Amino acid sequence: MASLSLKHIYKKYPGGVIAVSDFNLEIRDKEFIIMVGPSGCGKSTTLRMVAGLEEISSGELYIGDRLVNDVAPKDRDIAMVFQNYALYPHMTVFDNMAFGLKLRKVSKDEIKRRVEEAARILDIAHLLDRKPKALSGGQRQRVALGRAIVREPKVFLLDEPLSNLDAKLRAQMRTELSKLHKKLGTTFIYVTHDQTEAMTMGDRIVVMKDGLIQQVDTPQRLYDLPCNMFVAGFIGSPQMNFIDSVIGKNDKGYYVEFGSEDTKTRRGLKYQIPLPAAKLEGTNIEEYVGKEVVMGIRPEDVHDEPRLLEEFADCKVKANVEVTEMMGAETFLYVNVEGFDFTARVEPSSTAHPGDEGIEIALENTKIHLFDKDTERTICN
C-alpha cells in the first residue's frame, strides 16, 4: 500500500490564475483523507494532479518513496472514481469492471476472480450481466467503485462520487464506503463539498478555500477547535452563529458585549455575556479589550429549555422567533436578537412558535468561540 507526500504543490493556469497554492500534505498509508471546501476552492484540481490528469506547475508529489510528477497516470498505481460514473453504456457490468484489466493483458481467469470478488464485496454479483441503463444511480455508483477495486491500486481517488444520489442513498453509500475502506485497507482520498460526508467518513479532513489549505485535522478537532472563521462556519450544520461584539472587562473578569441601546428611547438591549476564565487561559484576550471581535456559537449551544435557562442565567438574551423547523428528534429555531440572526437547535418539546416575541434563550458561554474581526483568526475556542 502507499503513503503520499505533496510538497509545495502549485497549479497555475495561463493568464495568472492560481488554482492551488503551496499545498503541503502528508497522507499516511491506509488513511481516509477528505478534501472539503466550496466550489472552486481547488480540491478537485488537487485530486486530478495526484491522478496525473492535471500537470503540476511546481512542487513535488511522492507516492510511497517514488517521485511521480512525470509518471503517466496508468503507471501511478492509482484508481479514480468520478462524479458521473463514466460507465460504457454498450458493455455489461462485468465488462465495464473488467475493461481496465483486459487492457493490461491480465489473464481471463484472474479477471473473472477479481471481478466476482469485487462484485461480492459491493453486493452487485446479481447485476453482472446487465447494462448500465438498467441500473439505478446507486447501482451504477457501485459498478464504478468495482471497476476501481479490481485494479487493486495503492490509492483510491474519489471525486464527489455520491453527489448524484438522493439523500437516503447518499447516507447509505457513506456507510458502505467507510466499510469498504476498512475491508480493502487502502489509502482513500475523497473530494466533496458536503461537510456531512467529510465529518462522517474521514480519518482527517483537509479544509480548502481559494486554493489554500485552511486547516487539516480530525473531524472532531475541526468542529471543536476551528483555526479561523471560515473553518468554523463551513464545518457544522446548521452553521455556527456569528455576532459582531466587543470585548469588555470589569471586576468579575472579561465579557463579550453585543446589541445596541438607544439612550433616549431606551429601545434595544445591550447584552454582556461573561467569558469563563478557563476558556481564556493562554490567550492574548487583554489586547482585545474595547475592540470589536466576532463571537461564534453553534446552534446546539443556544438553549430555551427551562433547566438550561436557569443554569446559564447570566447568559440569557431576548429573542423574536421568525421560523421554526420541526425535525422530529430536534427543532431548529430561527430567531432574531437585536438585529442578529441566530439559529438554535433545541429539544422537540420546545414551545416556541413563529411570531413569538421576547422569548428567553441562553448562550452556553463555555462553548463560545472568539475571532479577530480583521484577520478572522481564532482568538479562543
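Please refer to the structure placed before this passage.
The rules behind the values
- Along each chain, the written sequence defines residue order, and numbers are assigned to residues from 1.
- A pLDDT threshold of at least 70 governs which residues receive local features in this predicted model, and a stricter bar of 80 or more applies before side-chain atom pairs are shown or counted, although totals over entire chains, interfaces and linings include all residues.
- The side-chain values count all of the structure's non-hydrogen atoms but skip hydrogen atoms and water molecules.
- Helix and strand labels come from DSSP, where a helix needs a run of H or I of at least four residues and a strand needs a run of E of at least two; each type is numbered from the N terminus.
- Using a 1.4 Å probe on the protein chains alone, a residue whose accessible area is under 20% of its type maximum counts as buried, one over 50% counts as exposed, and one in between counts as partly exposed.
- What makes two residues a contact is simply this: any of their non-hydrogen atoms within 4.5 Å.
- Where accessible areas are quoted, they stem from the Shrake-Rupley method and a 1.4 Å probe; at the residue level, only the protein chains shown are allowed to cover.
- Any two strands between which DSSP finds at least two bridges are classified as paired.
- Definition of a polar contact: a pair of N or O atoms within 3.5 Å, with one able to donate and the other able to accept a hydrogen when the atoms are protein atoms, and with sequence-neighbouring residues admitted only if both atoms are side-chain atoms.
- By nonpolar core is meant a set of buried Ala, Val, Leu, Ile, Met, Phe, Trp, Tyr and Cys residues that side-chain atoms within 4.5 Å join together.
- Under this scheme, a helix contributes an axis fitted over its contacting stretch, all axes are lines through C-alpha atoms, and angles between N-to-C directions fall in the 0 to 180 degree range.
- To sort the angles, those under 35 degrees are grouped as roughly parallel, those over 145 as roughly antiparallel, those from 65 to 115 as roughly perpendicular, and the leftovers as oblique.
- By the definition used in this description, the sense in which the near helix is turned from the far one sets the handedness, with an anticlockwise turn below a right angle giving left-handed and a clockwise turn giving right-handed.
- Charged residues are taken to be Asp, Glu, Lys and Arg, nonpolar residues to be Ala, Val, Leu, Ile, Met, Phe, Trp, Tyr, Cys and Pro, and polar residues to be all remaining types, Gly included.
- Of the two site types, the cavity is a set of points on a 1 Å grid over the protein atoms alone where a 1.4 Å probe fits but cannot get out, and the pocket is an open set with protein on both sides within 12 Å along at least five of seven lines, each lined by residues with an atom within 4 Å of a point.
- Grid points are joined across faces, edges and corners, and a volume is the space filled by probe spheres set on the points.
- Here the expected length of a helix is defined as 1.5 Å per residue gap, with one fewer gap than residues.

Draft legend 1. Structural context of the overall build of the protein chain. Scanning the protein chain for helices and strands turns up 10 helices and 21 strands. Over its C-alpha atoms, taken along the principal directions, the protein chain stretches across nearly 85 × 45 × 40 Å. Across the 381 residues that make up the protein chain, the buried fraction comes to 50%. Partitioning the contacts of the protein chain with sequence separation of at least 6, the portion at a separation of at least 24 is 67%. As displayed, the protein chain has an accessible area near 18,500 Å², and 48% of this comes from carbon and sulfur atoms.

Draft legend 2. Looking closely at the pairing of strand 3 (residues 32-36). Among the 5 residues of strand 3, 5 are classified as buried, and the element is accordingly described as predominantly covered. Side chains Phe32, Ile34 and Val36 project from strand 3 onto one buried face, and the interleaved Ile33 and Met35 project onto a second face that is buried too. Direction of pairing for strand 3 relative to strand 8 (residues 187-192): parallel, over a ladder of 5 bridges. Counted as the bridge partner of Phe32 is Phe188 from strand 8. Summarising the sheet, strand 3 and strand 9 (residues 204-209) pair through 4 bridges and their orientation is parallel. Of the residues in strand 9, the one forming a bridge with Ile33 is Arg204.

Draft legend 3. Main features of the environment of Tyr13. Structurally, Tyr13 can be placed in strand 1 (residues 4-13). On a C-alpha basis, the gap between Tyr13 and Ser57 in space is 8.5 Å, while along the polypeptide they are 44 residues apart. In contact with Tyr13, other than residues within four places in its own chain, are Ala19, Thr45 and Glu54. At 3.3 Å, the side chain of Tyr13 and the side chain of Glu54 are in polar contact.

Draft legend 4. Geometry of the nonpolar core. Among the nonpolar cores identified, the biggest contains 47 residues, and Met97, Leu145, Leu158, Leu177, Leu180, Tyr190 and Val207 are the most heavily contacted of them. It is helix 3 (residues 108-122) that provides the largest number of residues to this core, a total of 6 residues. Residues within four places of Leu158 in sequence aside, it is in contact with Leu47, Val81, Leu145, Leu177, Phe188, Ile189, Tyr190 and Val191. Of all hydrophobic cores here, the second largest spans 38 residues; its members include Ile273, Ile285, Leu309 and Val321.

Draft legend 5. Main features of the sheet that holds strand 12 (residues 253-259). Strand order across the open sheet formed by 6 strands is 13-12-11-14-20-21, with antiparallel pairing between neighbours. Looking along the sheet, the strands with just one partner apiece sit at the ends: strand 13 (270-274) and strand 21 (378-380). Here the average twist between neighbouring strands, direction ignored, is 40°. Sheet analysis places strand 14 (residues 292-297) next to strand 20 (residues 369-372), joined by 4 bridges and oriented antiparallel.

Draft legend 6. Quick look at the packing of helix 2 (residues 93-103) against helix 4 (residues 137-149). Where helix 2 contacts helix 4, the two axes come as close as 8 Å, and the packing angle between them is 30°. Between helix 2 and helix 4, the angle falls in the class roughly parallel. For the crossing formed where helix 2 meets helix 4, the hand is right-handed. In this structure, helix 2 uses Val93, Asn96 and Met97 to contact helix 4, whose residues at the interface are Val143, Gly146 and Arg147. Its residues assigned to classes, the contact of helix 2 with helix 4 shows 3 nonpolar, 2 polar and 1 charged.

Draft legend 7. Summary view of the layout of surface pockets. Volume-wise, the largest pocket comes out at about 530 Å³. Looking at the largest pocket, it is lined by 19 residues, and the ones nearest its centre are Met80, Phe82, Arg104, Arg147 and Arg151. Every element with two or more residues in the lining of the largest pocket is listed here: strand 6 (78-81), helix 2 and helix 4. By residue class, the composition of the lining of the largest pocket is 13 nonpolar, 2 polar and 4 charged.

Draft legend 8. View of the pairing of strand 20. Here strand 20 shows no split at all, with His369 and Phe371 on one side and Leu370 and Asp372 on the other all buried. The pairing of strand 20 with strand 21 spans 2 bridges and is antiparallel. What sits directly across from Leu370, in strand 21, is Cys380. Taken together, strand 20 and the strand that follows it, strand 21, pair antiparallel across an intervening segment of 5 residues, in which Glu376 is found at a positive phi of about 65°.

Draft legend 9. Quick look at the sheet that holds strand 19 (residues 359-363). Pairing within the open sheet is antiparallel, and its 5 strands lie in the order 15-19-16-17-18. Two strands in the sheet have a free side with no partner beyond their single neighbour: strand 15 (302-303) and strand 18 (340-346). The pairing of strand 16 (residues 316-326) with strand 17 (residues 331-337) spans 6 bridges and is classified as antiparallel. Bridge pairing links Met326 to Thr331 in strand 17.

Draft legend 10. Just the environment of Arg113, in detail. When you line up the elements, Arg113 lands in helix 3. Among the residues examined, Arg113 registers a relative accessible area of 42% and is labelled partly exposed. Along the chain, Arg113 and Arg345 lie 232 residues apart, while their C-alpha atoms are 51 Å from each other.

Draft legend 11. Highlighting helix 4. Between its first and last C-alpha atoms helix 4 spans 18 Å; for 13 residues at 1.5 Å apiece the expected length is 18 Å, and the two agree. The element helix 4 is largely enclosed, with a buried count of 10 among its 13 residues. When we look at burial in helix 4, the residues that qualify are Gly138, Gln141, Arg142, Val143, Ala144, Leu145, Gly146, Arg147, Ala148 and Ile149. Buried positions along helix 4 lie against strand 6, helix 2, helix 3, strand 7 (155-159) and helix 5 (167-184).

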